[in-house]
Amino acid sequence: MEIIRDPIEMQEWGIAYRQNEESIGLVPTMGYLHAGHLSLIRMARDRADKVVVSIFVNPTQFGPNEDFSSYPRDWAHDERLCIGAGVDILFAPDVASMYAKDATVQVLENSMSKGLCGKSRPGHFDGVCTVVTKLFNLTQPSFAVFGEKDGQQLRIIRRLVRDLNIPVKILSGPIIREADGLAMSSRNARLTPDERRQAVCLRRSLDAVEESFAKGERSVNALTAAAREVIARAPLAALDYVEIVDDETLAAVAEIERPALCALAVNFPSARLIDNVVLRPRD
Ligand code: AMP
């Protein structure tokens, strides 16, 4: 496995490699890799001639009071996992090489990024859209793999490549979970033992929504009420939001008539966690 830290070197490699008409699969991450990341890397490995994994904790997607500086990092662990997973290039730039001090151009999304996580994290998805565009330009992928865990992000990135005609195919991988149902996340490492026990409430609240949906409930208010009840029983969990929106546009819906995304975010004292599920009416 080759490690590239310089963005220009990365781009030169990408451009040269694509001239062979072979495919590059990119898996963008912020590191502290776990089985969720590895499942995406496996998807890329199965489909691409060369697999590039990026590790970059992107400061522009963190708000001023968020956890950029305390975001978990473990280079040796990540490097070992990438070697084990058959990654060809590990691209790990530093912040100064990625952003010119006087940078003035950003990629902004004006609709889908405003609700759900965007409400409590203003500017977050602008940071995501900008860094993902840069990573695409630098690594020259034929396709990139994103996790369904970050449901809003995945849908915004699909919109980004559609609206800007970016020639990168977007693939997605299912949410990988711990044995008790908690979605794997680098931030789980920060939970105290009590918080970790209670963190299962995210998956449980989605179970409640799915159960009620399976019995025929289609009212968004009724379905989200079922989720709220479960979160309310976990004393360390403070619900940020639970919402059900159109699966493609993320627009608000009142009744589920087409596939819908039920997404939630919960603040624990030590970490903010997210999860989601897609609800599909048969007809
Ligand atoms: P992150 O390092 O948290 O920015 O995540 C990098 C990529 O891994 C994103 O596309 C995430 O959606 C994805 N990812 C994170 N956790 C999981 C998980 N538990 N299952 C599947 N994909 C995940």
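What comes next is a walk through the structure. Note on numbering: residues in each chain are counted from 1, in written sequence order. Restriction of local features to residues with pLDDT of at least 70 applies here, the model being predicted, together with a cutoff of 80 or more for giving and counting side-chain atom pairs; totals for whole chains, interfaces and linings are based on all residues. Side-chain metrics rest on all non-hydrogen atoms present in the structure, leaving aside hydrogens and water.

### Structural notes on the overall build of the chain
- Secondary structure elements follow DSSP: runs of H or I no shorter than four residues count as helices, runs of E no shorter than two count as strands, and numbering proceeds from the N terminus. Helices and strands together make up the secondary structure of the chain, namely 10 helices and 9 strands.
- To get the radius of gyration, use the C-alpha atoms; to get the globule rule, take the number of residues to the power 0.38 and multiply by 2.2 Å. Taken against the 2.2 N^0.38 rule, which gives 19 Å for 283 residues, the C-alpha radius of gyration of the chain at 19 Å falls within 12% of a compact globule.
- In terms of overall dimensions, the chain has C-alpha extents of about 55 × 40 × 40 Å along its principal axes.
- Each residue gets one of three labels from its accessible area relative to the maximum for its type: buried under 20%, exposed over 50%, partly exposed in between, using a 1.4 Å probe on protein chains only. A burial count over the chain gives 53% of its 283 residues as buried.
- Only heavy atoms enter the contact rule, under which two residues are in contact if any of them lie within 4.5 Å. In the chain, of all internal contacts separated by at least 6 residues, the share reaching a separation of at least 24 is 72%.
- Note on areas: these come from Shrake-Rupley sampling with a 1.4 Å probe, and a residue is covered only by the protein chains present in the view. On the chain, roughly 13,400 Å² of surface is accessible, and the fraction owed to carbon and sulfur atoms is 49%.
- Only four residue types enter the charge count, namely Lys and Arg as positive and Asp and Glu as negative; His and the chain termini do not. Lysine's charge is taken at NZ, arginine's at CZ, aspartate's at CG and glutamate's at CD. With 34 positive and 39 negative side-chain charges, the chain shows a separation of 3 Å between the mean positions of the two kinds.

### Description of the sheet that holds strand β3 (residues 50-55)
- Between any two strands, pairing holds if DSSP finds at least two bridges. Spatially, 6 strands are ordered β1-β4-β3-β2-β5-β6 in an open sheet, and the strand pairing comes out parallel. Two strands lie at the open edges of the sheet, namely β1 (2-4) and β6 (169-173), each paired on one side alone. Looking at each pair of strands side by side, their axes are set apart by 25° on average, direction ignored.
- Across 3 bridges, the pairing between β1 and strand β4 (residues 89-91) is parallel. Each residue of the ladder has a partner; that of Glu2, found in β4, is Ile89. Helix axes are fitted to C-alpha atoms over the stretch in contact, other axes to C-alpha atoms as well, and angles between N-to-C directions run from 0 to 180 degrees.

Structural measurements only, silent on function.
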